[in-house]
2 protein chains.
Amino acid sequence: MVKTIKGTSDFMESLRGKNATFLLALSNTKTADIAGITQAGIAGKIYLTPTLDAEFICSGSVRSLAEVASTPKGVPTPALITRAVHLKSPYGRIELLNLGLEVEPKIDYFKLHNFGINPSNTIALGADIDAQSIFEKGLEFGQNYACKDEYIILAESVPSGTTTATATALGLGYKAEEYFSSSFKESPTSIKEEVIKLALARLTKESELFEILGKVSDNMLLFNAGFILGINNRIPIVLAGGTQMACVLLIVNSILKAMGGTMETSNLGLCTTKWVYEDRSSDITALLDMLDFPLNSFYVDFDFSLSKHPALKLYDDGEAKEGVGAGGALAYGFLHGLSKEEITKEIERLLK
Amino acid sequence: MVKTIKGTSDFMESLRGKNATFLLALSNTKTADIAGITQAGIAGKIYLTPTLDAEFICSGSVRSLAEVASTPKGVPTPALITRAVHLKSPYGRIELLNLGLEVEPKIDYFKLHNFGINPSNTIALGADIDAQSIFEKGLEFGQNYACKDEYIILAESVPSGTTTATATALGLGYKAEEYFSSSFKESPTSIKEEVIKLALARLTKESELFEILGKVSDNMLLFNAGFILGINNRIPIVLAGGTQMACVLLIVNSILKAMGGTMETSNLGLCTTKWVYEDRSSDITALLDMLDFPLNSFYVDFDFSLSKHPALKLYDDGEAKEGVGAGGALAYGFLHGLSKEEITKEIERLLK
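Just so you know, these numbers come straight off a predicted model, no measurement behind them.

A. Region of the structure containing the interface of chain A and chain B. Every contact between the two is made by 17 residues of chain A and, on the other side, 17 residues of chain B. Buried surface at the junction of chain A and chain B, both sides included, amounts to about 1,200 Å², of which 44% is carbon and sulfur. For the pair chain A and chain B, the number of links is three salt bridges. In this structure, R83 of chain B and E13 of chain A form a salt bridge, with 2.9 Å as the shortest nitrogen-oxygen distance. At the boundary of chain A and chain B, one finds six residue pairs in polar contact (both at pLDDT 80 or more). With three residues, helix α1 (residues 10-13) of chain A is the single largest residue contributor to the side of chain A that touches chain B.

B. Molecular detail of the sheet that holds strand β3 (residues 93-98) of chain A. Residue and element names in this part refer to chain A. Strand order in the open sheet formed by eight strands is β1-β8-β7-β6-β5-β2-β3-β4, with mixed pairing between adjacent strands. Strand pairing shows two members of the sheet lacking a second neighbour, β1 (2-6) and β4 (111-114), which therefore form its edges. Mean inter-strand twist for the sheet, computed between neighbouring axes without regard to direction, equals 25°. Two elements, strand β2 (residues 20-26) and β3, share six bridges in a ladder whose sense is parallel. By the bridge assignment for β3, L24 is matched with L96. Along the sheet, helix α13 (residues 326-335) makes contact with β1, β2, β5 (151-157), β6 (237-240), β7 (268-273) and β8 (296-300), crossing β7 at roughly 100°.

C. Broad picture of the relation of the copies chain A and chain B. Between chain A and chain B, the superposition needs a rotation of 122° and an axial shift of 1.1 Å, giving an RMSD of 0.0 Å. As the rotation angle and translation indicate, the two copies are arranged about a three-fold axis.

D. Molecular detail of the environment of E342 of chain A. Looking at the element boundaries, E342 of chain A is found in helix α14 (residues 340-351). Taking the C-alpha atoms as reference, E342 of chain A lies 8.3 Å from K88 of chain A; in sequence the two are 254 residues apart.

E. Just the side chain of D303 of chain A, in detail. Residue and element names in this part refer to chain A. Checked against the element boundaries, D303 lands in the loop between β8 and α12 (310-316). The class of D303 is buried, set by a relative accessible area of 13%. Within the structure, D303 has its side chain in polar contact with the side chain of S305 (distance 2.7 Å). In this structure the side chain of D303 is engaged in a polar contact, spanning 2.9 Å, whose partner is the side chain of K340. If sequence neighbours within four positions are ignored, D303 has contacts with K274, W275, D316 and K340.

Analysis parameters
Each chain carries its own residue numbering, running from 1 in the written order of its sequence. Whichever chain is written first is A, and whichever ligand is written first is 1; the rest continue in order. Side-chain atom pairs in this predicted model are given and counted only at pLDDT of 80 or more, local residue features only at pLDDT of at least 70, and totals for whole chains, interfaces and linings cover all residues. The side-chain values count all of the structure's non-hydrogen atoms but skip hydrogen atoms and water molecules. Whether two residues are in contact is decided by their heavy atoms, any of which lying within 4.5 Å being enough. Throughout, buried area stands for the accessible area (probe radius 1.4 Å) lost by two parts on being put together, summed over both. We define a salt bridge as a side-chain nitrogen of Lys or Arg found within 4 Å of a carboxyl oxygen belonging to Asp or Glu. Identification of polar contacts relies on pairs of N or O atoms within 3.5 Å, with a donor-acceptor requirement for protein atoms, meaning one able to donate a hydrogen and the other able to accept it, and with residues adjacent in sequence counted only if both atoms are side-chain atoms. Helix and strand definitions here come from DSSP, where helices need a minimum of 4 consecutive H or I residues and strands a minimum of 2 consecutive E residues; each element is numbered from the N-terminal end. A pair of strands is labelled paired if DSSP reports no fewer than 2 bridges between them. Angular values range over 0 to 180 degrees, each being the angle between N-to-C directions of two axes fitted as lines to C-alpha atoms, with helices fitted over their stretch in contact. A residue counts toward the fit only if its pLDDT is at least 70 in both copies, and the copies are then superposed by least squares on the C-alpha atoms of those residues. Remark: exposure states derive from per-residue accessible area (1.4 Å probe, protein chains only) relative to the maximum for the residue type, with buried under 20%, exposed over 50%, and partly exposed in between.

Spelled out as structure tokens, the structure:
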């Protein structure tokens, strides 16, 4: 079941039964190379996570490494959830956005959109992104995007993306210190905080919007903000993610404010997992409350209470919460008639 | 399972697995205000039934009243069946036709087509409908209608609609006194008969077709007759209803006869419930036999034999038989692979 955080349930209800294009935004930031900052992947090969996620979502197998990415504690990537839904209630199509990958996914036949974007640097030393250029690439892509399905599910896989998202929100002046999630149960606050502190220290009070973003954000955040503005309410979009997608919206909010512009957002929604919604170390509702435009937001009432698999129970323990569009994917499954039982069984089958 | 009344099962088989647009035609006639004439709703608030049905089908909740409409005996609206199928095998989309509602449904995001039609008066005093205008609105809508799915399920919610349907068929000269169904187990024959007698007394032998219809019918019957002629076999239509939808076809039949016209009906079908098909107080087969054109007609082999819920058993007792497209909805579910068990369970879950 899909539950409403803010706005109207009619937004999601009107998408019931409709096919969606699953757009997966993939990016690397060298911020993830800082030891201990994220557990979204295999130690030393964290940079491969988006590549492997993309391969797994599309094909059911990983090709750029021997096995599916999982954390050191053995938490399997949320790509498992997204793939399980695709197997039971397929998305209309999956398309990949290469927003600066170290390694391109080894996938044929699926559309991989390339924009000539490089991985960004660690925000500890300045991300060194031409933020306006990345934003404009997203804007243009959104303006020209022809959706072959009835709506878009926009998902992401960016290791250490919550770190860059937190730095971005703070860099833009939002009072959001405590509101950001992480892939750790016990958020690695000290390393993360240190990196964010270093990132923010590079900003001056005089820094302009895109100058700030170029130092502390990542390509996914920038491109997706542009994409949303480019789509401009023309096609329904479900932002499938948690606090990182909330940060994308904060960027949109800041850009609109800086330009003195407005945007119709009736066709825009965000859907995350219950793990994010109920997370005590972050507060997605508070982040969404900071937006100056209305936004329909939701979470899926799904957990692994029907499973006995120890690796999956780690989700319920808070060891992993969101990513690769898991929340939006689960909503898609529910809106196509899947039950919690069916989805759980399919995920368990994939784990074997 | 879908069973054939007349015509070929290939019509329904060819729709197997295809997505349909569920078009719900909503209308009020003040005929329903006559005490005891219908039990399709809450006494004194019968006029709200189509509004609540629309809200429930789209959103799963009722908004214009505290609870889902049920009869004084506690029979839940067949909207429950239609919604249950939507949850398990979603329609491509739901669109609402406001054909004269007292209260607009409180629904966002779903397409509500407005035609500037007012509720009609009681046929006991003359319905006072500009029948030709309503018919032409349906015709034009059908001619211009772009279906985004592969076929249309056309359903209705019109309290006391069987009374106006009976008066219409008789007013048009069909010998159909005994063939019409009602939402009562023991049809409230005396009140209904009296109203119909009063309605027919307003007609003279010289009355022309649309003059007759303007006095004894309702907006749904007229609009849908126009819609079918407007679609003109261009898109497959499943008329999801019982004797009221049969009456729509009788109107089409009379109009064609009056104009000396013909219509290809190979893409037109009717699908009702087993409760209507097996009803002893009405005879849908006899009504369909009166048509001068061939028509594929069906009923769904579904009852509540797998349920122990007392409110649902009332359907099997004949206390409610059809409405809000229940028959067509059940067929849609079967054609998308749902079993009787799955549908029954989902309806029971909704009742909780």
